[in-house]
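Spelled out from the first residue to the last, the chains are:
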Amino acid sequence: MPALTALKVSKAVYPVGRKGPALLSDGQGLNLQIMPSGSKSWTLRFMLNGRSRSMGLGAYGEGHNGISLSKARELAAEARALVKRGIDPISDRANTIKAEKDAAALSLAQARTFKDVSIEYIQTHEAGWKNTKHRAQWFSTLETYAFPAIGDTPVCDIDADAVEQVLKPIW
């Protein structure tokens, strides 16, 4: 039976005279961790392959970014289900975050064309180019040779063949 209630969690304070984090157990490895500063967060202790592990579940709080007692119990149950299947929930979460970041980066790369990125590059670096003619040559060269061939191509789709398509007429 869980030891914590929403009221106990909301009223929990750091014990006077204690050193280090204070833990209030809800059972099955779920703990409310209270720091000397008064901040509260959820942790889950579990065993995997004979090793004791501790996983942070997030900061306590009601509302958009905070994790309530009921949400912490849900997260802990999900993590325990992974442990039961022999999967490390800490590594699983890291892999999920990496996959989400990779998907976002790919989406951004698909949305940005070679022309967009080229113009952004020129605008970022042209202040360091002292020669006015040199500045003009950058854009002119791209406009003449690269933009007609691959200007509207998403950055992620540019490969050696695309570069060859730009360079062949020049050679």
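Since we're looking at a predicted model, the values are computed, not measured.

Visitor: Mind showing me how you'd approach the overall build of the protein chain here?
Guide: Counting its secondary structure elements, the protein chain contains six helices and four strands. The helix and strand sequence of the protein chain, counted from the amino end, reads α-β-β-β-β-α-α-α-α-α. Against the globule reference of 16 Å for 171 residues, the protein chain gives a C-alpha radius of gyration of 27 Å, more extended than a compact globule. Here the protein chain holds 171 residues, and the buried ones make up 25% of them. Summarising the internal contacts of the protein chain: among those between residues at least 6 apart in sequence, 40% fall at separations of at least 24. Carbon and sulfur atoms provide 56% of the accessible area of the protein chain, an area that totals close to 11,500 Å². Separation of charge centres in the protein chain, based on 22 positive and 17 negative side chains, amounts to 15 Å.

Visitor: What's the story with the nonpolar core in this structure? I'm lost.
Guide: Generally speaking, soluble globular proteins have nonpolar side chains that are buried together. If you look at the biggest cluster of nonpolar residues, it comprises 20 residues, and the most contacted ones within it are Leu30, Leu32, Trp42, Leu44 and Leu57. Where this core is concerned, the elements lending two or more residues are strand S2 (30-34), strand S3 (40-48), strand S4 (51-59) and helix H2 (69-84). A total of five residues in this core trace back to one element, the largest contributor, which is H2. Setting aside chain neighbours within four positions, we find leucine 44 in contact with Gln28, Gly29, Leu30, Arg53, Ser54, Met55, Leu57, Ala76, Ala79 and Arg80. Counting residues in each nonpolar core, the second largest holds eight residues, with Ile122, Phe147, Ile150 and Val166 among its members.

Visitor: In this structure, what is going on with the side chain of threonine 113? I would like to understand it.
Guide: Within the secondary structure, threonine 113 is located in the loop between helix H3 (89-111) and helix H4 (114-125). Among the polar contacts made by the side chain of threonine 113, one reaches the main-chain carbonyl oxygen of glycine 151 at a distance of 3.5 Å. The residues touching threonine 113, leaving out its near neighbours within four places in the chain, are Gly151, Asp152, Thr153, Pro154 and Val155.

Visitor: Which parts of the structure should I look at to understand the packing of helix H5 (residues 132-150) against helix H6 (residues 160-167)?
Guide: Packed helices, taken two at a time, are described by their axes: the angle between them and the distance between them. Between H5 and H6, whose axes approach to 8 Å, the crossing angle comes to 135°. For the element pair H5 / H6, the angle class is oblique. Crossing geometry of H5 relative to H6 is assigned as right-handed. Contacts between H5 and H6 involve Tyr145, Ala146, Ala149 and Ile150 from the former and Ala162, Gln165 and Val166 from the latter. Residues of the contact of H5 with H6, tallied by class, amount to six nonpolar, one polar and no charged.

Visitor: Just checking my understanding: could you explain the packing of aromatic side chains for this structure?
Guide: How two aromatic rings sit relative to each other is given by the distance of their centres and the angle of their planes. Under the counting rule described, the total for this entry stands at five aromatic pairs. Ring geometry for tryptophan 42 and tyrosine 60: centres 6.3 Å apart, planes at 70°, overall edge-to-face. In this pair, tryptophan 42 is assigned in strand S3 and tyrosine 60 in the loop between S4 and H2, connecting sequence segments 18 residues apart. Geometrically, the ring pair formed by phenylalanine 114 and phenylalanine 147 is edge-to-face, given 6.3 Å between the ring centres and 70° between the ring planes. Pair noted here: phenylalanine 114 is in helix H4 and phenylalanine 147 is in helix H5, with a separation of 33 residues, a long-range link.

Visitor: Explanation requested: the pattern of salt bridges in the structure shown.
Guide: Side chains that differ in sign of charge can pair as their charged atoms come close. A full pass over the atoms with the stated rule returns six salt bridges. For arginine 53, the salt bridge is made with aspartate 88, and the minimal N-O distance between the two is 2.6 Å. In this pair, arginine 53 is assigned in strand S4 and aspartate 88 in the loop between H2 and H3, connecting sequence segments 35 residues apart. The pair formed by arginine 53 and aspartate 88 is uniform in burial state, with each residue classed as buried. Two residues, glutamate 120 and arginine 112, come together in a salt bridge whose shortest N-O distance is 2.1 Å. With a relative accessible area of 41%, glutamate 120 lands in the partly exposed category.

Reading the values: the criteria
- Residues numbered from 1 in each chain as written.
- Predicted model: local features only at pLDDT ≥ 70, side-chain atom pairs only at ≥ 80, totals over all residues.
- Heavy atoms only, no water.
- Helix = DSSP H or I, 4+ residues; strand = E, 2+ residues; numbered from the N terminus.
- Rg over C-alpha atoms; globule rule 2.2 N^0.38 Å.
- Buried < 20%, exposed > 50% of the residue type's maximum accessible area, 1.4 Å probe, protein only.
- Contact = heavy atoms within 4.5 Å.
- Areas by Shrake-Rupley, 256 points an atom, 1.4 Å probe, with all protein chains shown as cover.
- Lys, Arg positive; Asp, Glu negative; His and termini not counted.
- Charge placed at Lys NZ, Arg CZ, Asp CG, Glu CD.
- Core = buried A, V, L, I, M, F, W, Y, C linked by side-chain atoms within 4.5 Å.
- Polar contact = N/O pair within 3.5 Å; in protein donor to acceptor, adjacent residues only side chain to side chain.
- Axes fitted to C-alpha atoms, helices over the stretch in contact; angles between N-to-C directions.
- Parallel < 35°, antiparallel > 145°, perpendicular 65-115°, else oblique.
- Left-handed = near helix turned anticlockwise from the far one by under 90°.
- Nonpolar A, V, L, I, M, F, W, Y, C, P; charged D, E, K, R; others polar.
- Phe/Tyr/Trp six-rings, centres within 6.5 Å; stacked < 30°, edge-to-face > 60°.
- Salt bridge = Lys/Arg side-chain N within 4 Å of Asp/Glu carboxyl O.

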